[in-house]
Amino acid sequence: MTQNLNQNLAQMFKGGVIMDVTTPEEAKIAQDCGAVAVMALERVPSDIRKEGGVARMSDPKMIREIQAAVTIPVMAKARIGHLAEARILEALGVDYIDESEVLTPADDQYHIDKKAFKVPFVCGARNLGEALRRIGEGASMIRTKGEAGTGNVVEAVRHMRTIQADIRRIVGLNQDELMTAAKEMGAPYELVCAVHREGHLPVVNFSAGGIATPADAALMMQLGSEGVFVGSGIFKSANPEKVGRAIVKATAYYDDPDILAQVSEGLGKAMSGVDIREIPESQLYAKRGW
Ligand SMILES: O=C(CO)[C@H](O)[C@H](O)COP(=O)(O)O
């Protein structure tokens, strides 16, 4: 029952942009730019990447200040498997918890049993099997992982294309082939059947990780994303307010090249990006999660 309500709540975000913010001031800018929600965190992924060390849940004080600054929903991140951080975030009254690979995982085998919570969760996925495992645990929203903090959209594209291709494959199978497909993907059988029947994930699916320009956001929407998360790309750009507004507009009008050209003009220097091949295997966030 709670999971159904939470899944419906996520539908409200469709077509929108969820922005990472680290201060109440940034949260207000995000709201003014038209963000549908903010993700409160102490460091955007590109800073987490630069500084290294263990990345944990943010200071509750900072989360409360952001909650007080805006009227749009506030999300916050817990480490993968860190159910105590998730309980703290729930007690703070955040609107959504992101069980996020951007933070250092607390458990290298198990994710949080999200069905045991009233607050909704969003989780990352690289393919359909991973998405359905998270939904099976109770996630009300999925986001493709991309490679956060790189300013490079290539992994977000790979993950969205993979999920779409996986869905097309499941839709094309016969009923008697679904159990084996579920076994191969490591996904709950009932959810594989639901994808076969409906032709889409049972929850909203956004893109995240590496989206840095309005054109990146439009690309992800054209590939079937239902909205985008943007972290480093906005507040690490030369003009966050202008870039924020442009990305919101590009996400809404993703199939109108004239509007995309208009909003892409004169944005100043975008965040500098990283070639994914230069990142050591152990520092790839998308590989976190099981
Ligand atoms: O973890 C997130 C989504 O929940 C971040 O908001 C997102 O991945 C940000 O990545 P980037 O900084 O590359 O935009």
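These numbers come from a predicted model, not from an experiment.

Within the structure shown, the criterion is met by 2 cavities of 30 Å³ or more. Reported here for the largest cavity is a volume of approximately 200 Å³. Taken together, 22 residues line the largest cavity, and the ones lying closest to its centre are Pro45, Ala148, Ala208, Gly209 and Gly231. Residue composition of the lining of the largest cavity, grouped by class: 8 nonpolar, 8 polar and 6 charged. Considered as a void within the structure, the second largest cavity measures approximately 40 Å³ in volume. In terms of lining, the second largest cavity is formed by Ile80, Glu99, Glu101, His111, Cys123, Gly124, Glu130, Arg134, Lys145, Arg288 and Gly289. Counting only elements with at least two residues in the lining of the second largest cavity, the list comes to strand E5 (121–125) and helix H6 (128–137). Partitioning the lining of the second largest cavity into residue classes produces 2 nonpolar, 3 polar and 6 charged.

Around the ligand sit 17 residues in total, of which Asp20, Lys77, Asp98, Gly210 and Ser232 are the nearest. Within the backbone of Gly210, an N or O atom sits 2.7 Å from an oxygen atom of the ligand. Protein burial of the ligand: of its 370 Å² of free accessible surface, 99% is covered by the chains. Counting atoms within 2 Å of the grid points, the majority share of the ligand lands in the largest cavity. Of all the elements in the fold, those that place two or more residues in the shell around the ligand are strand E4 (96–100) and strand E8 (228–230). Each residue belonging to the shell around the ligand can be placed in one class, and the counts come to 7 nonpolar, 6 polar and 4 charged.

Quick look at the side chain of His159 now. Looking at the secondary structure, you find His159 in helix H7 (residues 154–171). Leaving out residues up to four positions away in the same chain, His159 has contacts with Ala125, Arg126, Thr144, Lys145, Gly146 and Ala286.

Per the UniProt annotation, the sites labelled "binding site: D-glyceraldehyde 3-phosphate" (unreviewed entry) are Arg161. Within the secondary structure layout, Arg161 lies in helix H7.

Generally speaking, a soluble globular protein has its nonpolar side chains buried in company with each other. Counting 50 residues, the largest nonpolar core has Leu89 and Met220 as its most contacted members. The element that contributes the greatest number of residues to this core is helix H12 (residues 240–252), accounting for 5 residues. Beyond its immediate chain neighbours, meaning those up to four positions away, Met220 contacts Val153, Ala156, Val157, Met160, Ser207, Ile211, Ser225 and Val228. Membership of the second largest hydrophobic core comes to 23 residues, among which are Cys123, Leu128, Ile167 and Leu201.

Structurally, Met220 can be placed in helix H10 (residues 214–222). Taking the C-alpha atoms as reference points, Met220 and Phe206, 14 residues apart in sequence, are found 8.7 Å from one another.

Listing the buried residues of helix H5 (residues 83–92) in full gives Glu85, Ala86, Leu89 and Leu92. For H5, the angular spread of the buried residues around the axis is 115 degrees, confining them to a single face. Opposite its buried face, H5 presents the exposed residues Leu83 and Ala91, each directed more than 90 degrees away. Along its buried surface, H5 packs onto helix H4 (60–69), strand E3 (74–79), E4 and E5. Phi for Gly93, located one or two positions after H5, is positive at around 80 degrees.

Rules used throughout
- Residues numbered from 1 in each chain as written.
- Predicted model: local features only at pLDDT ≥ 70, side-chain atom pairs only at ≥ 80, totals over all residues.
- Heavy atoms only, no water.
- 1 Å grid on protein atoms, 1.4 Å probe; cavity = no way out; pocket = protein on both sides within 12 Å on 5 of 7 lines; lining within 4 Å.
- Points joined across faces, edges and corners; volume = space filled by probe spheres on them.
- Nonpolar A, V, L, I, M, F, W, Y, C, P; charged D, E, K, R; others polar.
- Helix = DSSP H or I, 4+ residues; strand = E, 2+ residues; numbered from the N terminus.
- Near = heavy atom within 4 Å.
- Polar contact = N/O pair within 3.5 Å; in protein donor to acceptor, adjacent residues only side chain to side chain.
- Areas by Shrake-Rupley, 256 points an atom, 1.4 Å probe, with all protein chains shown as cover.
- Sits in = over half its atoms within 2 Å of the grid points.
- Contact = heavy atoms within 4.5 Å.
- UniProt positions renumbered as here; feature names shortened; annotations may be inferred.
- Core = buried A, V, L, I, M, F, W, Y, C linked by side-chain atoms within 4.5 Å.
- Buried < 20%, exposed > 50% of the residue type's maximum accessible area, 1.4 Å probe, protein only.
- Arc of directions from axis to C-beta.

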